[in-house]
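Reading the structure
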Amino acid sequence: PQRGRDAHLSGAACNSARCVAAYRREIGWVASPVEVATWDTLPAGQPRANWLAHFWSSRDVREGRAEGARLREHYRRVEEAFKRFRLELPVSGRHKNSQAALTTDYGAAELFQRFVDEIPDEEAQRAAIYDRALGTGYMLRAYRSTQHRLDDRGVIFVRHGPPDAVARTSDGLAYELWRYERGGDPLILSFKEENFDGQAGASVLVPTLINVDPLQRNQLCHLDPPLCSPVSDIRVGEMARFSVDARANSISRRENARTAGGETILRATTTDRYERTVGAPLGAIVQIVGLRYGLAGEGRLVVAFAIPGDRLQPLPTTETGGRVVYPVRIELMAARKANGSEARLDTLRRFATARALQPGDFLTGLVEMPVLGGEHVASAVVSQSDRGTIVALPSVSVCPIGGSLCVSDIVLGTESSQTQWNSGSQRVPLNPLNAFRTGGTAELYYQLNGRQPGTTYETVVELFRATDSAQVKPELTIKFSEPATSNAVEVSRSLGLVDLAVGRYRVRLTTRGGGQQASAVAWLTIVR
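Residues numbered from 1 in each chain as written. Predicted model: local features only at pLDDT ≥ 70, side-chain atom pairs only at ≥ 80, totals over all residues. Heavy atoms only, no water.

Here five strands make up an open sheet; going across it, the order is β17-β23-β22-β19-β20 and the pairing mixed. Edge positions in the open sheet fall to β17 (435–437) and β20 (476–483), since each of these has one partner strand only. Pairwise comparison of adjacent strand axes, ignoring direction, gives a mean angle of 30° for this sheet. In the sheet, β17 pairs with strand β23 (residues 516–527) via three bridges, with the strands oriented parallel. Paired with alanine 435 across the bridge in β23 is threonine 525. (Pairing = 2+ DSSP bridges. Helix = DSSP H or I, 4+ residues; strand = E, 2+ residues; numbered from the N terminus. Axes fitted to C-alpha atoms, helices over the stretch in contact; angles between N-to-C directions.)

Take the side chain of histidine 160 next. If you trace the backbone, histidine 160 turns up in helix α9 (residues 152–160). Looking at histidine 160, its side chain comes within polar contact range of the side chain of arginine 182, at 3.2 Å. One polar contact links the side chain of histidine 160 to the main-chain carbonyl oxygen of alanine 268, over a distance of 2.8 Å. With residues up to four places along the chain from it excluded, the contact list for histidine 160 reads Arg77, Tyr180, Arg182, Leu187, Ala268, Thr271, Asp272 and Arg273. (Polar contact = N/O pair within 3.5 Å; in protein donor to acceptor, adjacent residues only side chain to side chain. Contact = heavy atoms within 4.5 Å.)

An order of β6-β7-β10 is seen for the three strands of this open sheet, with the pairing classed as antiparallel. Either end of the sheet is taken by a strand with one partner, and the two such strands are β6 (285–292) and β10 (362–371). Each adjacent strand pair in this sheet contributes to an overall mean axis angle of 15°, direction not counted. One ladder, built from ten bridges, connects strand β7 (residues 299–308) with β10; its direction is antiparallel. Residue pairing across strands places alanine 304 opposite leucine 366, the latter belonging to β10.

In C-alpha cells, the structure reads:
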C-alpha cells in the first residue's frame, strides 16, 4: 500500500493534459466542488503533487486515522462499488432515454385533468399533481452525476462507504433508504428505481419518498419515522387509502420534505467520510492551539484536555502510597496544507491521584507536539479502553518567523490553573474546561510575529455572543496600543468578565500597524 500511495502522489506532478485530466476525474469521486475548482487553478508539476498529498493526508487527520488509511479505503470502496453498482447500459442508450423524457412531460393543467376523475378529494388531487410534476418521477433529477460508470448508490458508496442500515421495499417499484449514523445528525438518503437505466433495483438518488405508496413507505420508515403512513386501516379501498394519506401529508409538508431532502443530497454528494469509531463517548473537552516555543523556535501544537472522572476506569492496582492510577492514551495528528506532510504523536500517559475520581471531578492534562510553521489540519484522539473522544480542527496555524504580521492562536486561561504551558520564557496558564465564572477574569495570551520595530500597533479584543454575527455590536471591547521593539513578542493580558452574562462567547482579537492587520478567534463559556 505504501508503494502504491507514493506512486499515486508522485504521479500527480506530471504535466500532460491527459494526466491532469485523469487525476481530476480521480479526485472527483470524493472532492468537494471547492477542491475541484482549486485543482483546476493549480500550476502543473510539484504544486499539484503537494496539493494531492494534503488532499488525502488531511482526511487521515480529520478522521483520526493512520497515515495513508483514507487513500487505501478509497480504492477498497471503488473496487466494491464497481462490483455492486456498475452501470451496464451503454452511455449512448442512457443519454437517448434521458433526452426523450424531456419531450414527454405533462403540464399542470393536463395533469389535473388526468387525476380529477380518479381522485375526487381536492387535497389528494393537488398532492397527486404536485408529485407528478416535482416528485420522485420527475425527469429533471435532484442529482445528476457527472460520470457514467456507477449509479447513484455507487457515488454515495465511494464517498461515505457502506451505510449503517439499509431498508428496501419488497413489492412494486423498488425503493431504498440508506442511513448513516453521524453522532446525532444522521444522513438518510432515498433511492428509487428508474426505467431504462440499465440497473436492477433502486438506483436513482431522490430528495424524499414521502409521496410514494404508503404501504411501501411503511416498509422503510423504521429508518426514517416521518415517512410512516398515517393510514391505520390497510383494508380500506385503494382510493380511500390514498385520499386519507394525501390529506395527512399536505403539499406544504411534502414540499418541506423535498427541500430538506435536496439539502441532504447536496451534503452527501459534496462531502466524504471514513469515520473512526472509538466505542462509547469519553466526554473529554479538548483544545488545540498553534504556538511557537521561544517565539523564534520550533512550532508546537499545544493540546489541553479535561476528562470527566466518572468516565475513567483506574488500574486494578494502586501505586505505592495508595495513589489511584488512570491510564489515558492521547494521539495527536497534523497535516500541513503546503505539502501534505504529517506530524504524529501517540502516547500513553499514567495519571496518579490521591483518591478515586468522583462525579464532578475532571482529570486535566497537557500534551504538545512539534510541527512546522504554516497552516495545518489537526486532530486529537483521547481514549481509554473502549471509550474515546475525537476532536478535529480544519485549520490550526503556526506563525512563520519573519514575513508579514501574524497573530498566533489565542490561549485563554485562569491564574489558579494547575495546567500550564512553558513558552520558553514564561508559564502560560490554561483552562482545559474553557469555563469561566461570572465576574471572574480570563488570562489572555498570544504571540505576534512579523512586526516592524519602531511601529506602533493597536490591538482590539472584542467579545460577541456565540449566536451573534460579526456585524452585531460586541458585548465587551478592550483596546490597547504599544510600540514594537522587536519582530516577535509574547502578549499577556487579563480580561475582566464582570459585565458579561452566562453564556458562550466568541473572542476576536485584531492587531493593526504598519499598514498590516492580523486577527485570531477563540471561544469561551461563562458559567455561574
